[in-house]
Amino acid sequence: MLLCTFVRMTNNNFTLPWSWLSEDQRSALAANPGGPVPPFLVQRLKDIGLLGIGSRHIESAGGWSWYLPHDVVQFIREQSANA
């Protein structure tokens, strides 16, 4: 049986998908929320709905880089400030 979960973000509340990340994954994002997403997190963030619509996918000399949408970046910064 295949189970798919689709998360729709409303009111910029990313608390639920954020909780699905491990502490190491959250720390990696909090280290540079406005910078490129660490490559090992791209698929995971797509799967839980934090990377996709509103994200930027930019080509550079080193290949392609993903950047989180502004509202997700703000959420991560707020989480880091409250930690």
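Residues numbered from 1 in each chain as written. Predicted model: local features only at pLDDT ≥ 70, side-chain atom pairs only at ≥ 80, totals over all residues. Heavy atoms only, no water.

To continue, consider the packing of aromatic side chains. In this structure the tally under the stated criterion is two aromatic pairs. Ring plane angle 85° and centroid distance 5.9 Å describe the contact between Trp 18 and Phe 75, whose orientation is recorded as edge-to-face. Here Trp 18 is found in helix H1 (residues 15-19), whereas its partner Phe 75 is found in helix H4 (residues 70-82), with 57 residues between them in sequence. Overall, the relative accessible area of 8% leaves Phe 75 in the buried class. Taken together through their ring pairs, the aromatic side chains of Phe 14, Trp 18 and Phe 75 make up a single cluster. (Phe/Tyr/Trp six-rings, centres within 6.5 Å; stacked < 30°, edge-to-face > 60°. Helix = DSSP H or I, 4+ residues; strand = E, 2+ residues; numbered from the N terminus. Buried < 20%, exposed > 50% of the residue type's maximum accessible area, 1.4 Å probe, protein only.)

Segments scoring low in pLDDT should not have their predicted coordinates read at a detailed level. Taken over all residues, the pLDDT of the chain has a mean of 86, while the share at 70 or more is 86%. Confidence scores differ between elements of the chain, with strand E1 (residues 56-60) showing the lowest mean pLDDT of 90 and helix H2 (residues 23-31) the highest of 96. (pLDDT = per-residue confidence, 0-100.)

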